[in-house]
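Working through the structure, step by step
Each chain is listed here by its residues.
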Amino acid sequence: MPGQPSAARPGPAARPAARPAPGAWWSPLYAPARPRGRVLLFPHSGGGPHALLPLAAALGEEAEVLGLTLPGRDHRFAEPPASRVAGVLGSVEREVLPLPPLPTAFFGCSLGALLAVHVAARFPGLPAGLVLAAQSPGSRRRWVDEAETEEELLRVFDLAGGLPPAVLGDPETRAGLLARLRADLRLGAEAGRDFGRLRAACPLTVFGGRLDPLVPVDCLPGWAAQTGAECRVVPLEGGHFAFLAPENRPRVAAALLAALRAGD
């Protein structure tokens, strides 16, 4: 898009950050030597922040990147995979607000988009901008939040893009994935309750896949009602995870960098 800043390329100063403390909700993913801003990543249901590493890497040396790690995955693997919106909000207050101040942008996809808006509404001075993907606005029914049986959960995975046969064929791995997804969908149901009442004070950029069977692209303009600032909707070619496709990733990274520069 003309006038849109291009995504920065990773440089030698951008490096994986230190291992998070046990039980920490926020995992440091990239720690440039002199970051100009900070990006908080809110991942999708069933996933952890490392699934968004390609997007974090696309930000290069300009941004320190932290990813939300819900219980039951990554360094919190031994914990039961259940959480509440209050736990996410409390983690931001304990772990993010005390950090040295930097212009901050949020990226939230799917479940993470709901959580990012909750955090932005609770701490309106924190984000300079929100970049959201693969989620519908308002308090509309999200049928995936009602998925409970193994068959229903596997259908959610299938519509989102499917799972490798090796994962489906390993009973232990499959059971763990389904448990995390079930817990995250319950969190999504809580986060989506009366979601239409939430407002962010900062601009929104919303990405959606034209072929996403979970989030119809024609519902995305409704996000404008959830901010007191500008809302820009950007359809992408692809499905639920279109924002991670190599051809689309630079546009998402550029939107995050633009939000950080606006917060300078």
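Residues numbered from 1 in each chain as written. Predicted model: local features only at pLDDT ≥ 70, side-chain atom pairs only at ≥ 80, totals over all residues. Heavy atoms only, no water.

**A few points about unusual backbone geometry**
Glycine aside, the phi torsion of most residues is negative, and most peptide linkages are trans. The residue Ser-110 is not glycine, and still its phi comes out positive at about 55°. Turning to its location among the elements, Ser-110 is positioned in the loop between strand 4 (104-109) and helix 3 (111-122). The residue Asp-194 is not glycine, and still its phi comes out positive at about 55°. Structurally, Asp-194 can be placed in the loop between helix 6 (171-192) and strand 6 (204-209). (Helix = DSSP H or I, 4+ residues; strand = E, 2+ residues; numbered from the N terminus.)

**Considerations on the pattern of salt bridges**
If you walk through the whole model with that rule in mind, you get 10 salt bridges. Residue Arg-36 pairs with Glu-62 through a salt bridge whose shortest N-O separation is 3.5 Å. On the criterion of sequence distance, the pair formed by Arg-36 in the loop between strand 1 (26-30) and strand 2 (37-42) and Glu-62 in the loop between helix 1 (53-58) and strand 3 (63-68) is long-range, its members being 26 residues apart. The closest approach of N and O atoms between Glu-148 and Arg-182, which form a salt bridge, is 3.5 Å. A residue pair is termed long-range when its members are at least 10 positions apart, and Glu-148 in the loop between strand 5 (129-133) and helix 4 (150-160) and Arg-182 in helix 6 qualify at 34 residues. (Salt bridge = Lys/Arg side-chain N within 4 Å of Asp/Glu carboxyl O.)

**Overview of the confidence of the model for the protein chain**
Within the protein chain, residue pLDDT values average 91, and 93% of them lie at 70 or more. Counting interchain partners and residues more than four positions distant, the pLDDT-below-50 stretch residues 1-14 has 34 contacts. (pLDDT = per-residue confidence, 0-100. Contact = heavy atoms within 4.5 Å.)

**Thoughts on the layout of surface pockets**
Put simply, the largest pocket is a space of about 570 Å³. Taken together, 33 residues line the largest pocket, and the ones lying closest to its centre are Ser-110, Val-156, Ala-160, Leu-214 and His-240. For the lining of the largest pocket, the elements supplying multiple residues, two or more each, are helix 3, helix 4 and helix 6. Considering every element that reaches the lining of the largest pocket, the biggest residue donor is helix 6, with 4 residues. Looking at the lining of the largest pocket residue by residue, the classes come out as 18 nonpolar, 11 polar and 4 charged. (1 Å grid on protein atoms, 1.4 Å probe; cavity = no way out; pocket = protein on both sides within 12 Å on 5 of 7 lines; lining within 4 Å. Points joined across faces, edges and corners; volume = space filled by probe spheres on them. Nonpolar A, V, L, I, M, F, W, Y, C, P; charged D, E, K, R; others polar.)

**Description of the environment of Ala-201**
Looking at the secondary structure, you find Ala-201 in the loop between helix 6 and strand 6. Looking at Ala-201, the relative accessible area reads 55%, which means it is exposed. Sequence separation between Ala-201 and Ala-121 is 80 residues, and the spatial gap between their C-alpha atoms is 7.4 Å. For Ala-201, the residues in contact, after removing those within four places along its chain, are Pro-124, Thr-227 and Ala-229. (Buried < 20%, exposed > 50% of the residue type's maximum accessible area, 1.4 Å probe, protein only.)

**Side note on the packing of helix 3 against helix 6**
Two measures define how a pair of helices packs: the angle their axes make with one another and the distance between the axes. Closest axis-to-axis distance for the helix 3/helix 6 pair is 10 Å, and the angle between their directions is 40°. Our classification of the angle between helix 3 and helix 6 gives oblique. For the element pair helix 3 and helix 6, the recorded crossing hand is left-handed. Only Asp-184, Leu-187, Gly-188, Ala-191 and Gly-192 of helix 6 make contact with helix 3, whose side of the interface consists of Leu-111, Leu-114, Leu-115 and His-118. Across the contact of helix 3 with helix 6, the residue classes break down as 5 nonpolar, 3 polar and 1 charged. (Axes fitted to C-alpha atoms, helices over the stretch in contact; angles between N-to-C directions. Parallel < 35°, antiparallel > 145°, perpendicular 65-115°, else oblique. Left-handed = near helix turned anticlockwise from the far one by under 90°.)

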